[in-house]
Amino acid sequence: SMAPLATEIRKQGHNVKIVDYTRGITDYQRFFPQTECVIFYGSLYIAKQILSWDLSWTPGIIGTIEHYHCTAYYPHLKPWLLNAGGYILPLSELSSSVVENPKSLLNLEDSKRFFIRPNSPLKPFAGSLYSPREVTDLDSFMKRHYLEDPNILVVVAPEQSIEAEWRVIIAQGQILCASQYRQIEKPYYQSGMPEIVRQVAEAVAQQQWQPDPIWVLDLCCSGNLAYVVEINFLSCSALYKCDLSLVVREASEAAWKQWVKKQQGI
């Protein structure tokens, strides 16, 4: 699946190294000198390793990680958020609150499930729907997701139906390209997006607040309206049917500018 992206990277005159990390522990530090302008692209699993090693590649990971926590960007994108009616609280507190009264927590009358996702963009577990019983058994929940800290922050929101989802790449406050990736809970890939989704994407892209020079915006349609699902950093985001030539060009330019500033001590 990396072949088209690697081809485009080489086409634009850059070097690329593809790694099959399933073959065991890899010494990524050998691939390029520490002082090089290097972009990592791949799984969150490997991104976490690279961040923990504190490699001095610039930029390394394209994404200012702290900007992608829900607590960081929800206040800026609240008018368009699908989960604007939810809460952010420690997992242990969520569990105890659901034990006491699950309906009062989210002011729900009929819903039997909650949507729960981690606050962290490094996603220690995947966002999904859970029954109150699953949430009240905190030990079981943590073991199921290999969690160690019962007080990690999570987002909890009412269950909502989603008809379709799109991924939009934002660069320099403008929409760069877009791709649909889901239709009625099943994978579905095609370039572009409908006008109702584009309007929300443009409103978000034109905000003064931007997490990075290039970043990823996920949107959906629910009840014939468009909403923001989440934002992600480019290094660990699938590109689906987005225009790879545009993504490589803009990502390379953003990385080069950051590298030059570092060399100049800015």
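Enquirer: Let's hear about the sheet that holds strand β8 (residues 174–183): which residues, and what values?
Expert: Strand order across the open sheet formed by five strands is β9-β8-β7-β10-β11, with antiparallel pairing between neighbours. Pairing within the sheet leaves two strands with one partner each, and these edge strands are β9 (186–191) and β11 (225–232). For this sheet the average axis-to-axis angle between neighbouring strands, irrespective of direction, equals 30°. One ladder, built from four bridges, connects β8 with β9; its direction is antiparallel. Residue pairing across strands places Gln183 opposite Lys186, the latter belonging to β9. Helix α9 (residues 244–263) rests against β7 (164–171), β8 and β10 (214–222) of the sheet, and its axis sits at about 130° to β8.

Enquirer: Mind laying out the packing of aromatic side chains, listing which residues take part and the relevant values?
Expert: Geometrically, a pair of aromatic rings is defined through the distance of the ring centres and the angle of the planes. For the structure on display, the rule yields eight aromatic pairs. Here Tyr181 and Tyr240 contribute two aromatic rings whose centre-to-centre distance is 5.0 Å and whose plane-to-plane angle is 10°, an arrangement assigned as stacked. Note that Tyr181 is positioned in strand β8 and Tyr240 in the loop between β11 and α9, a separation of 59 residues in sequence. Linked through ring pairs, Phe125, Tyr130 and Phe141 together constitute an aromatic cluster. The ring of Tyr181 has Arg167 lying over it, and the distance from NZ or CZ to the ring centre is 5.5 Å.

Enquirer: Give me the lowdown on the environment of Arg182, citing residues and values where you can.
Expert: Tracing the sequence through the fold places Arg182 in strand β8. Along the backbone, Arg182 and Ala255 are 73 residues apart, and their C-alpha atoms lie at a distance of 30 Å. If we skip the residues at most four places from it in the chain, Arg182 touches Ala164, Glu165, Pro187 and Tyr188. In this structure the side chain of Arg182 is engaged in a polar contact, spanning 3.0 Å, whose partner is the side chain of Glu165.

Enquirer: I'd like to hear about the environment of Ala178, residue by residue, with values.
Expert: Considering the arrangement of structural elements, one finds Ala178 in strand β8. The buried category is assigned to Ala178, whose relative accessible area is 8%. Beyond its immediate chain neighbours, meaning those up to four positions away, Ala178 contacts Arg167, Val168, Ser191, Gly192, Met193, Lys241 and Cys242.

Enquirer: Break down the pattern of salt bridges for me, citing the residues and quoting the values.
Expert: One pass over the structure, following the stated rule, counts eight salt bridges. Glu165 is the salt-bridge partner of Arg182, the closest N and O atoms lying 3.0 Å from each other. With Arg182 in strand β8 and Glu165 in strand β7, this residue pair connects regions lying 17 residues apart in the sequence. According to the relative accessible area criterion, Arg182 is partly exposed, its value standing at 33%. Assessed through its relative accessible area of 8%, Glu165 is described here as buried. A cluster of three or more residues bridged by salt bridges with shared partners is formed by Arg117, Lys123 and Glu230.

Enquirer: Give a detailed account of unusual backbone geometry, specifying residues and quantitative values.
Expert: Cis geometry marks the peptide bond from Thr58 to Pro59; its omega dihedral reads 0°. Within the secondary structure, Pro59 is located in strand β2 (residues 58–61). Its identity as a non-glycine residue notwithstanding, Ile184 has a phi of 50°, on the positive side. Within the chain, Tyr240 stands out as a residue other than glycine whose phi angle is a positive 50°.

Scoring rules and cut-offs
- Residues numbered from 1 in each chain as written.
- Predicted model: local features only at pLDDT ≥ 70, side-chain atom pairs only at ≥ 80, totals over all residues.
- Heavy atoms only, no water.
- Pairing = 2+ DSSP bridges.
- Helix = DSSP H or I, 4+ residues; strand = E, 2+ residues; numbered from the N terminus.
- Axes fitted to C-alpha atoms, helices over the stretch in contact; angles between N-to-C directions.
- Contact = heavy atoms within 4.5 Å.
- Phe/Tyr/Trp six-rings, centres within 6.5 Å; stacked < 30°, edge-to-face > 60°.
- Lys NZ or Arg CZ within 6 Å of the ring centre and 35° of its normal.
- Polar contact = N/O pair within 3.5 Å; in protein donor to acceptor, adjacent residues only side chain to side chain.
- Buried < 20%, exposed > 50% of the residue type's maximum accessible area, 1.4 Å probe, protein only.
- Salt bridge = Lys/Arg side-chain N within 4 Å of Asp/Glu carboxyl O.

Structural measurements only, silent on function.
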